[in-house]
Amino acid sequence: MRKKLLVGNWKMNKTPKEAYSFALNLNNVLEHTQLNNLDIGIAPTYLCLDVVRKNTTRNVLVFAQNVHFETQGAFTGEISSEMLKSIDVEGSIIGHSERRMYNNETSFSCNKKIKSLLKNGLIPLYCVGESESEFNANQTKNVIKKQINEGLKDLDEKEITQVIIAYEPIWSIGTGKNASSEIAESVCAFIRKEIAKLAPMAKDKIRILYGGSVKPNNIKEYLSLEDVDGALVGGASLKIESFTEMINALI
Ligand code: PGA
């Protein structure tokens, strides 16, 4: 059985002081909560990774929001997988649509980043999703198929099993226009089928999350779907109150 996963993507929010306060509050919540079949993750900015890692219990997974594929060198402004590993971060979001949009990230560069994380024993949380115009033109599955095949190119079955996929329709991110359960299930089931073609062994093990305007009042519905194993949450993960409400909805 796949363990459910709730990951908060903080994007470019919170100072280290604010992150520290959130971490202490989260510990407090977790101390009184039996998580059973649920994993919790937080993806702060680089600046707050260390403070979140050091001040949350080890069963909180800490993710970066991006990584560079090289080990070290003349890459101003970049951070490598080795560096993330050195501060006990568990993994990184890769290919978020905001990075694809504003930083020219492609599935080809995501593939190199995913390989560098896996080489260091870190978890890639690989985002895929279609734009509104692609959705309207009925292109969703073609777009996703390409993102999956390019992003996971040349990985072996064992490596693919380590990856977490997040399906995030771009038109639903931060817009309040969340995808219906039918859409979320249909696309996540499609992703699982595509994964099965690349790595039959990974099919039943790989975790597939839905993301896009997930809130305390709709998270349970998504997580009840057969092929949705968790949620990647932006806005509603920033306040400890709504993050706690989502945890409580899932346990
Ligand atoms: P949102 O963002 O929950 O604010 O829509 C989700 C995401 O970008 O991961």
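Everything below is about the structure shown above.
A short tour of the structure in this document, coming up. (Residues numbered from 1 in each chain as written. Predicted model: local features only at pLDDT ≥ 70, side-chain atom pairs only at ≥ 80, totals over all residues. Heavy atoms only, no water.)

### Focus: the site of the ligand
Phase 1: Around the ligand there are 13 residues in total, and Lys11, His96, Glu168, Gly174 and Ser213 lie nearest to it.
Phase 2: With respect to the ligand, the backbone of Gly234 contributes an N or O atom lying 2.8 Å from an oxygen atom.
Phase 3: In the model, an oxygen atom of the ligand is placed 2.9 Å from a nitrogen or oxygen of the Gly235 main chain.
Phase 4: Burial of the ligand by the surrounding chains reaches 96%, relative to a free accessible area of 280 Å². (Near = heavy atom within 4 Å. Polar contact = N/O pair within 3.5 Å; in protein donor to acceptor, adjacent residues only side chain to side chain. Areas by Shrake-Rupley, 256 points an atom, 1.4 Å probe, with all protein chains shown as cover.)

### Let's talk about the side chain of Ser116
Phase 1: Residue position: Ser116 is located in helix 5 (residues 107–119).
Phase 2: Setting aside anything within four residues of it in sequence, one finds Ser116 in contact with His68, Phe69 and Ser81. (Helix = DSSP H or I, 4+ residues; strand = E, 2+ residues; numbered from the N terminus. Contact = heavy atoms within 4.5 Å.)

### Focus: the sheet that holds strand 1 (residues 4–9)
Phase 1: Within the closed barrel, the eight strands sit side by side as 1-2-3-4-5-6-7-8. Their pairing is parallel. Sheet twist, expressed as the mean angle between neighbouring strand axes with direction ignored, is 25°.
Phase 2: Sheet topology note: the strand 5 (residues 123–128)/strand 6 (residues 164–167) ladder contains four bridges and is parallel. In the strand pairing of strand 6, Tyr126 is matched with Ile165.
Phase 3: Taken strand by strand, helix 9 (residues 181–198) contacts strand 5, strand 6 and strand 7 (207–211), and its axis lies near 145° from that of strand 6. (Pairing = 2+ DSSP bridges. Axes fitted to C-alpha atoms, helices over the stretch in contact; angles between N-to-C directions.)

### Some details on the pattern of salt bridges
Phase 1: Throughout the structure, instances matching the rule amount to 17 salt bridges.
Phase 2: Residues Asp50 and Lys54 are paired through a salt bridge, measuring 2.8 Å at the closest nitrogen-oxygen approach. Here the residue Asp50 and the residue Lys54 both occupy positions in helix 2 (residues 46–55), the gap between them amounting to four residues, near one helical turn.
Phase 3: The salt bridge involving Lys115 is made with Asp154; its shortest N-O contact spans 3.9 Å. (Salt bridge = Lys/Arg side-chain N within 4 Å of Asp/Glu carboxyl O.)

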